[in-house]
Each structure stands twice: as C-alpha cells, then as structure tokens.
Number of protein chains: 2
Amino acid sequence: MENEIIKYLTKHTSLSDELIDIVIASTIIKNYKKGTVLLREGEISKESYFVLKGCVRSYFINDGEERTIEFYTEEQPVLPIGYGKGIPSGQYLECIEDSVLTLNTTEHEKEMFLKYPQFESICRIMTEVMMANFQESFVNYKITNPEERYLFLQKERPYLFQRVPQYQLASYLGIKPESLSRLRKRLNRK
Amino acid sequence: MENEIIKYLTKHTSLSDELIDIVIASTIIKNYKKGTVLLREGEISKESYFVLKGCVRSYFINDGEERTIEFYTEEQPVLPIGYGKGIPSGQYLECIEDSVLTLNTTEHEKEMFLKYPQFESICRIMTEVMMANFQESFVNYKITNPEERYLFLQKERPYLFQRVPQYQLASYLGIKPESLSRLRKRLNRK
DNA sequence: CTTAAAAATTGACTTTGGTTAAGAAATTTA
DNA sequence: TAAATTTCTTAACCAAAGTCAATTTTTAAG
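Now for a look at the structure at hand. (Residues numbered from 1 in each chain as written. Chains lettered and ligands numbered in written order. Predicted model: local features only at pLDDT ≥ 70, side-chain atom pairs only at ≥ 80, totals over all residues. Heavy atoms only, no water.)

### Examining the interface of chain A and chain B
- Across the contact, 23 residues belong to chain A and 22 residues belong to chain B.
- For the pairing of chain A and chain B, the buried interface totals around 2,600 Å² over both sides, and the portion due to carbon and sulfur atoms is 70%.
- For the chain A face of the interface with chain B, the top three residues by lost area are A:Met131, A:Phe138 and A:Lys142, together amounting to 25%.
- The interface formed by chain A and chain B contains zero salt bridges.
- At the surface where chain A touches chain B, the tally comes to six residue pairs in polar contact (both at pLDDT 80 or more). (Contact = heavy atoms within 4.5 Å. Buried area = accessible area lost by both parts, 1.4 Å probe. Salt bridge = Lys/Arg side-chain N within 4 Å of Asp/Glu carboxyl O. Polar contact = N/O pair within 3.5 Å; in protein donor to acceptor, adjacent residues only side chain to side chain.)

This is the structure:
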C-alpha cells in the first residue's frame with residue numbers, strides 16, 4: 001500500500017531510489033474508524049495524512065452549520081489549513097468512512113529535513129502543488145453556479161455520490177440540502 | 001520606497017541585516033501605465049511583483065466575461081497563479097492605475113537561491129503565508145453572500161470603492177453590475 | 001467644449017436558492 | 001425485526017440575483 005505514496009510523490013517530483021526507500025521505511029500507516037475526528041476547530045494541527053483507503057472530509061462550522069471544504073479520497077494528501085503553523089485550526093477533519101491513512105507529524109518532518117535535506121525541497125514542491133490545486137478550486141467555485149458545480153463533480157468524481165451523504169455534498173456545493181434535492185429533480189427533467 | 005518590501009518581509013519572516021541589504025540592492029523597480037497588461041492568459045508567468053504604488057487586478061475571462069480574482073494594492077505581493085511553474089497562465093494581470101511595482105523574475109530568483117540559500121526558506125514561508133491568506137479568502141467567499149462580501153470589503157478595503165470601477169467590483173463579489181447597483185440601493189434604504 | 005464611448009442605474013420579468021414545515025425513505029441500533 | 005434516528009424529498013412562499021432593454025450619468029477622446 002506504500003506504493004500509492006511513492007506513485008503520488010513521483011508524479012509531482014523526482015525521487016531518488018534512496019529517498020523512495022526512506023519514505024517507505026518511515027511511513028506510518030494507521031486505520032481509522034468511520035466517524036473518527038482527526039482534527040477539531042481550535043486544536044493545533046500537527047498531523048498531515050495521505051489517504052490510502054477511505055474518505056476524509058474537511059469542514060468548518062458557521063452559524064451552527066457544517067460547511068464542507070473538501071473530500072479527500074484515495075491517493076490524495078490531506079494537509080489541514082495551518083498545518084505546522086502552531087496556530088489553532090479553523091477546521092475539522094473527519095473520516096466519513098473506515099479509512100487507512102498514512103500519518104505524518106511536524107516533529108517527524110523536522111527530523112527528516114535534518115537527516116535528508118532534499119526533503120525540504122520536495123515538501124516545498126508538494127506545498128506548491130497543493131496551493132495550485134487550491135487556487136484552481138477557488139477559481140472554479142467563483143465561475144460556476146451550484147448546478148454547474150454539481151455537473152462538474154458528477155463528471156470528475158462520480159464515486160463521491162455513492163459515498164457521501166447528500167447534505168454534505170450540498171454544503172460542498174454551497175447550497176442547502178433542499179436545494180440540492182430540487183436541483184437533482186430539475187436535472188432529471190432535462 | 002524599497003522600505004515597503006523590507007517592512008513586508010520582516011512582518012512575516014526574520015531577515016538578517018545582510019539579507020536586507022541584498023534585497024534592497026537587487027530590487028528592480030518599474031513604472032507601469034494604467035492599462036498595462038502584465039500577463040495574458042496562455043502566457044508563461046515568469047514575473048512576480050510587489051505593489052509599491054497603484055493597483056493591479058487579476059482576472060480571467062469566462063464565457064466572454066471578466067471575472068476578477070483579486071485587487072492588489074500598496075504593500076501587497078502579486079504572485080500569479082502558476083508563477084514559475086512553466087505552465088500557461090489561466091489569468092490576466094492588469095494595472096488598473098498608474099503603478100510602481102518591484103519586478104522579480106524566476107531567473108533572478110534562481111540566482112538568489114544559489115547565492116543566498118537562506119532565500120529559499122524565506123520564499124517557502126512567503127508562499128505559505130500567501131496560501132494561508134488564499135485559503136482564508138476561499139472560506140470567506142463560501143460562507144458569505146454578495147451583500148456580506150460587499151459590507152466586508154467596505155469595512156476592510158474602503159479605498160477600493162474610490163479606485164475600482166463598479167463592474168469590476170461586481171465581478172469580484174460574484175454578481176452582475178446590475179445586481180451590485182440594486183444591492184447598493186437596498187443598503188442605502190436600510 | 002462637444003461628442004462619443006463607457007459605466008451605472010432602473011424597470012419588468014424569470015430563475016434559483018433560502019426558509020419553514022411536513023412527510024417519506026433509508027439507515028442505525030437496540 | 002422493530003423502533004428510533006437520520007437523511008432526503010416535496011410544497012408553498014419569499015428574497016435575491018440573472019436577463020434584457022432602455023435611460024441616465026460619467027468619463028475619455030477629439
């Protein structure tokens with residue numbers, strides 16, 4: 001299962017064989033039950049993850065309502081907002097399925113940076129990739145209405161519709177569950 | 001005017017006196033006329049900027065309509081999406097006022113990294129700061145409606161209302177110019 | 001200063017999402 | 001399996017944004 005991380009890393013950076021072995025050797029894999037909260041609002045985020053199996057949802061609570069930021073599924077890294085910054089997190093991270101995740105801590109990262117300096121630049125590149133993805137999400141969110149977002153999601157990540165409750169999808173799309181229900185009805189008629 | 005960059009950098013990182021001198025010595029300052037397009041969609045973005053005076057707008061065109069991503073004003077860094085990635089830009093950058101900007105190129109950056117390795121970690125931190133800001137913007141955008149965004153902007157960056165045409169503000173808020181007009185009327189009545 | 005062009009406002013009408021409330025369907029759990 | 005809880009759907013009504021079109025105001029150009 002470690003292969004998935006290597007696959008992901010080599011997609012974005014060039015890893016020497018030596019580093020590949022090091023990554024594999026130092027990777028911690030953990031199982032999490034559905035419903036496990038990995039991070040709560042107000043806590044300091046010191047862990048990042050990589051999804052080998054399952055689904056992690058990030059969200060925050062506004063006016064008592066959950067607003068989904070992102071769904072992380074197989075082969076996606078989970079870097080909470082503010083990870084490693086020592087500032088209280090504004091978001092929650094929750095496993096919405098039984099999940100298998102690799103676990104990475106800021107301490108572990110520091111050690112690795114000292115032992116293997118190439119690691120720092122790899123992490124920089126990864127951060128930049130995430131930033132680019134994030135910016136793209138923002139732009140996409142801004143130029144689309146809920147219906148377009150729904151169709152886009154259906155095209156790009158259809159499996160989410162089987163795995164995620166609709167009220168969570170609704171908050172991800174920026175609408176209320178009732179509106180998502182109507183939207184689906186509307187699309188069915190077309 | 002170079003002081004502004006130093007002020008900005010020291011706000012987020014700790015710069016040695018030596019590095020401060022280096023930054024000042026290697027800073028290129030340029031004047032741009034209102035209407036200057038710094039980056040076009042499809043071009044490779046190899047330049048980043050820092051606004052000393054004036055205003056830069058980033059936007060993209062969707063279905064023939066401009067959608068404003070951000071307004072950059074005094075003491076803000078302008079890092080185009082995809083800067084230094086060698087991929088065609090999806091956005092435009094335009095000076096919407098006569099502007100004075102510092103100019104930074106990817107080549108120049110590379111040189112600096114070689115000469116002064118501390119620079120790489122400063123840039124990493126800066127990238128992280130920008131990412132954090134960006135994520136905050138996204139969250140804010142998601143939890144607010146156009147009216148709330150308008151009021152927030154009025155509170156946080158009131159000067160934009162004097163400097164930016166309303167149709168650009170409208171696209172920044174995610175609505176049509178007609179709707180912004182009505183929104184303003186509605187707020188006046190309250 | 002006048003004219004032309006661009007930007008902002010207004011009105012009528014449509015569409016879409018929010019709200020509230022009720023009920024149906026699906027999922028958990030005892 | 002039955003009961004309880006959660007999730008989803010539907011309906012009626014309201015508010016806000018989109019659309020189209022016309023008009024006014026402002027700005028830029030000659």
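From this point, the discussion proceeds with the structure in view.
### Things to note about the relation of the copies chain A and chain B
- The transform that puts chain A on chain B rotates by 178° and translates by 0.2 Å along the axis, for an RMSD of 0.1 Å. In short, the pair behaves as if placed about a two-fold rotation axis.
- Here 96% of the contact residues of chain A are again contact residues in chain B; the copies associate through an equivalent surface. (Least-squares fit on C-alpha atoms with pLDDT ≥ 70 in both.)

### Considering the environment of B:Thr105
Residues and elements named next belong to chain B.
- Assignment of secondary structure puts Thr-105 in strand β8 (residues 99-105).
- Here the alpha-carbon distance between Thr-105 and Ile-28, two residues 77 residues apart in the chain, equals 9.9 Å.
- For Thr-105, the residues in contact, after removing those within four places along its chain, are Lys-46, Glu-47 and Tyr-83. (Helix = DSSP H or I, 4+ residues; strand = E, 2+ residues; numbered from the N terminus.)

### Overview of the protein's contact with DNA strand D
- In the neighbourhood of DNA strand D, 17 residues make up the surrounding shell, with A:Gln166, A:Tyr167, A:Ser181, B:Ser179 and B:Arg182 lying closest.
- The contact atoms of DNA strand D, taken as those within 4 Å of the protein, divide so that sugar and phosphate hold 73%.
- A distance of 3.4 Å separates a base nitrogen of DNA strand D from a polar atom in the side chain of A:Arg182.
- A:Lys185 places a polar side-chain atom, nitrogen or oxygen, 3.2 Å from a phosphate oxygen of DNA strand D.
- Here the surface near DNA strand D is built from residues that sort into four nonpolar, four polar and nine charged. (Near = heavy atom within 4 Å. Nonpolar A, V, L, I, M, F, W, Y, C, P; charged D, E, K, R; others polar.)

### Some thoughts on the sheet that holds strand β6 (residues 77-78) of chain B
Residues and elements named next belong to chain B.
- Spatially, β1-β8-β3-β6 is the arrangement adopted by the four strands of the open sheet, whose pairing is antiparallel. Only two strands of the sheet have a single partner each, and these edge strands are β1 (28-32) and β6.
- Pairing of strand β3 (residues 47-53) with β8, which is carried by six bridges, proceeds in the antiparallel orientation. When the sheet's bridge partners are listed, Lys-53 is paired in β8 with Val-100.
- Contacts from helix α1 (residues 3-12) reach β3, β6 and β8, with the element oriented near 110° to β3. (Pairing = 2+ DSSP bridges. Axes fitted to C-alpha atoms, helices over the stretch in contact; angles between N-to-C directions.)

### A look at the sheet that holds strand β5 (residues 65-72) of chain B
- Overall, antiparallel pairing links the four strands, which are arranged β2-β7-β4-β5 (chain B) in an open sheet. Strands at the two margins of the open sheet, each flanked by one partner only, are β2 (37-39) and β5 of chain B. Neighbour-to-neighbour, the strand axes of this sheet turn through a mean angle of 30°, independent of strand direction.
- As judged from the two bridges shared by β2(B) and strand β7 (residues 92-95) of chain B, these two strands associate in the antiparallel manner. When the sheet's bridge partners are listed, B:Leu39 is paired in β7(B) with B:Leu93.
- Across the face of the sheet, helix α4 (residues 118-143) of chain A comes into contact with β4 (56-62) and β5 of chain B while running at roughly 130° to β5(B).
- Seen against the sheet, helix α7 (residues 166-173) of chain B touches β4 and β5 of chain B and runs at an angle of roughly 90° to β5(B).

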